[in-house]
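Observations on the three-dimensional arrangement
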Amino acid sequence: MEQTAPVAAAEQPLIRKKPLIISGPCSAETEQQTIETCTRLAATGKVDMLRAGIWKPRTKPGLFEGIGTKGLPWLKKAKDLTGLPITVEVATAKHVEDCLAFDVDVLWIGARTTVNPFSVQEVADALRGVDIPVLIKNPINPDLELWMGGVERIAKAGIKNIGLIHRGFSNYGNTEYRNAPMWHLPIEMKRRLPDMPLICDPSHIGGRRDVLQSLAQKSIDLDFDGLMIESHIDPDNAWSDAKQQVTPERLAELLDSLVWRQETTDKQEFLTALEKLRQQINHLDDEILQLIGNRMAVAEKIGTYKKENNITILQPSRWSEILERGVQKGAKLGLTEDFIHKYLDAIHLESINRQNRVMNG
């Protein structure tokens, strides 16, 4: 038993705990602010790992871009005082070297870095020969392959323990949140990488305190493995991202309000009922796909008539008619306008592609 215990511990990296709760200030501003925030977070008994921004990539020059390397000893002191591991965002090889020098336990790559393969590769090269967990945030723009590319570059550097952070995506016209959740993208990453931890950053998705709880709960219901939420002893006067930070005590209240659900159960009654309902969904999906196939066959016939009569594929008035009719019909069936638009957009694009092949094939 004495021989196997260390091996078991080594096989359970820091980022594998579920749920994994990471919290701390957006930015380390002063030693007092960093230490007090971290010790108050530790006192809640609900935080597994401490975070703080040391280097802050900002949209415009002149804004607070982080305290720099001199903040790392503050975070190291917080680690020593609380016994909790620490995690820091890195964007360059020098960042990696400095973090390792100050005993940082977990590194994460931010959204502005993930979007740049050259930067990710620089971090990856600095990590060769190092055994440290790395979390990778989604890129700013909704590009799943860039996110996957970041994972692959870090993995090729020899890093075994890699996790994902969903922090939302920049989206033109998005007004509800700071960054659009686009939940289907992290869900697809989870499908591709089912054994890789996936945690949610509702602070950066929401951009404000009042939506943190609902976003956190949504991620939990989608079987995310944890949360990264920013906390500050005086959020309103934080040097960066003041609107999205909460006090350690408010964070504890928020976490207490969440309902953590399990992915499955061994209750036979539930499993039997679920299987019957899933079979119904399978049959309905088959019928829907058959109907869509039939619709595309009709679209191709229309394409033939348009070709014979030298008519354009796209007719805006007809497309507007389809949208309006679909939204009205969908509302009666309890379907949201957003869903109807996305569904009909996909159908319309496929119809155009089919007609284009008919006319130009």
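A quick note: this is a predicted structure, and the numbers were derived from the prediction, not measured.

Some details on the pairing of strand β3 (residues 86–90)
With five of five residues buried, β3 lies mostly within the body of the structure. Along β3, one buried face is formed by I86, V88 and V90 and the opposite face, lined by T87 and E89, is buried too. Bridge count between strand β2 (residues 49–51) and β3: two bridges; the pairing is parallel. Residue pairing across strands places R51 opposite T87, the latter belonging to β3. Two strands pair when backbone bridges link them, and β3 and strand β4 (residues 106–109) are joined in this way by four bridges, in the parallel orientation. Looking at β4, one finds that E89 is bridged to W108. Following the backbone out of β3, through helix α4 (residues 93–101) and into the adjacent parallel β4, one traces a crossover that is right-handed.

Thoughts on the sheet that holds strand β5 (residues 134–137)
As a general point, the strands of a sheet are linked pairwise by backbone hydrogen bonds and lie either parallel or antiparallel. The strand order around the closed barrel formed by eight strands is β1-β2-β3-β4-β5-β6-β7-β8, and the pairing between neighbours is parallel. Ignoring which end each strand starts from, the neighbouring axes of this sheet average 30 degrees apart. In the packing of helix α7 (residues 144–156) onto the sheet, the strands contacted are β4, β5 and β6 (162–166), and the crossing angle to β6 comes to about 155 degrees.

Considering the nonpolar core
By size, the foremost hydrophobic cluster in this structure holds 64 residues, and its most contacted members are L127 and I154. Sort the elements by how many residues they give to this core and α7 lands first, with five residues. I154 has contacts with I109, V120, V123, A124, L127, V134, I136, I159 and I162, leaving out every residue within four places of it along the chain. L20, M49, L135 and M228 belong to the second largest nonpolar core, which has ten residues in total.

A closer look at the packing of aromatic side chains
Under the criterion given, the structure shown has three aromatic pairs. Judged by centre distance (6.4 Å) and plane angle (75 degrees), the rings of W147 and F169 are edge-to-face. Of the two residues, W147 is situated in helix α7 and F169 in the loop between β6 and α8 (184–192); the sequence distance between them amounts to 22 residues. Of the two residues examined, W147 and F169, each falls in the buried class. Judged by centre distance (5.9 Å) and plane angle (85 degrees), the ring pair of W183 and F224 falls under edge-to-face. With W183 in the loop between β6 and α8 and F224 in the loop between α10 (212–221) and β8 (226–230), this pair connects stretches of sequence that are 41 residues apart. Accessibility expressed as a relative area gives 2% for F224, which makes it buried.

Points about the UniProt feature "domain: Chorismate mutase" (unreviewed entry) in the protein
Here, the residues flagged by UniProt with the feature "domain: Chorismate mutase" (unreviewed entry) are residues 268–359. A helix fraction of 88% and a strand fraction of 0% characterise residues 268–359, whose end C-alpha atoms lie 55 Å from each other.

Observations regarding the packing of helix α2 (residues 31–44) against helix α11 (residues 248–257)
Two packed helices can be described by the angle between their axes and the distance between those axes. Contact geometry for α2 and α11: axes closest at 9 Å, N-to-C directions at 30 degrees. Put simply, α2 runs roughly parallel to α11. Considering only the axes of α2 and α11, their crossing is right-handed. Within the contact between the two elements, α2 uses T37, R40, L41 and T44 and α11 uses P248, E249, L251 and A252. Taken together, the residues of the contact of α2 with α11 sort by class into four nonpolar, two polar and two charged.

Focus on the UniProt feature "coiled-coil region" (unreviewed entry) in the protein
The UniProt entry lists residues 267–294 under the feature "coiled-coil region" (unreviewed entry), expressed in the numbering used here. Along residues 267–294, the helical share is 96% and the strand share 0%, with 41 Å between the first and last C-alpha atoms.

A few points about the environment of H341
Within the fold, H341 resides in helix α14 (residues 337–360). On a C-alpha basis, the gap between H341 and L323 in space is 7.0 Å, while along the polypeptide they are 18 residues apart. Not counting residues up to four positions away in its chain, the partners in contact with H341 are L323 and V327.

Description of helix α12 (residues 268–308)
For α12, built from 41 residues, the straight-helix expectation of 60 Å at 1.5 Å per residue is met to within 8% by its first-to-last C-alpha distance of 60 Å. The set of residues buried in α12 consists of M296, A299, G303 and K306. Where α12 is buried, its residues touch α14.

Focus: α4
What α4 keeps buried is the set A93, H95, V96, D98 and C99. In this structure, the buried residues of α4 make contact with α3 (72–82), β3, β4 and α6 (117–127). Once α4 ends, the next one or two residues include D103, with phi positive near 60 degrees.

Things to note about the pairing of β4
Burial of the side chains of β4 extends over both faces: V106 and W108 are buried on one face and L107 and I109 on the other. In this sheet, β5 lies alongside β4 in parallel orientation, the contact comprising three bridges. Bridge pairing in β5 links W108 to L135.

A word on the confidence of the model for the protein
This prediction gives the protein a mean pLDDT of 92; 96% of its residues lie at or above 70. Predicted confidence for residues 1–10 stays below pLDDT 50, and this span has zero contacts to residues more than four positions away or in other chains.

A closer look at the side chain of D105
Note on placement: D105 falls in the loop between α4 and β4. Among the polar contacts made by the side chain of D105, one reaches the side chain of K79 at a distance of 3.0 Å. A polar contact of 2.9 Å, which involves the side chain of D105, links it to the backbone nitrogen of I86. Leave out the neighbours within four places in its chain, and D105 touches L14, K79, P85, I86, I132 and P133.

Rules behind the numbers
- Residues numbered from 1 in each chain as written.
- Predicted model: local features only at pLDDT ≥ 70, side-chain atom pairs only at ≥ 80, totals over all residues.
- Heavy atoms only, no water.
- Buried < 20%, exposed > 50% of the residue type's maximum accessible area, 1.4 Å probe, protein only.
- Helix = DSSP H or I, 4+ residues; strand = E, 2+ residues; numbered from the N terminus.
- Pairing = 2+ DSSP bridges.
- Right-handed = clockwise from strand over helix to strand, strands pointing away.
- Axes fitted to C-alpha atoms, helices over the stretch in contact; angles between N-to-C directions.
- Contact = heavy atoms within 4.5 Å.
- Core = buried A, V, L, I, M, F, W, Y, C linked by side-chain atoms within 4.5 Å.
- Phe/Tyr/Trp six-rings, centres within 6.5 Å; stacked < 30°, edge-to-face > 60°.
- UniProt positions renumbered as here; feature names shortened; annotations may be inferred.
- Parallel < 35°, antiparallel > 145°, perpendicular 65-115°, else oblique.
- Left-handed = near helix turned anticlockwise from the far one by under 90°.
- Nonpolar A, V, L, I, M, F, W, Y, C, P; charged D, E, K, R; others polar.
- Expected span 1.5 Å × (residues − 1).
- pLDDT = per-residue confidence, 0-100.
- Polar contact = N/O pair within 3.5 Å; in protein donor to acceptor, adjacent residues only side chain to side chain.

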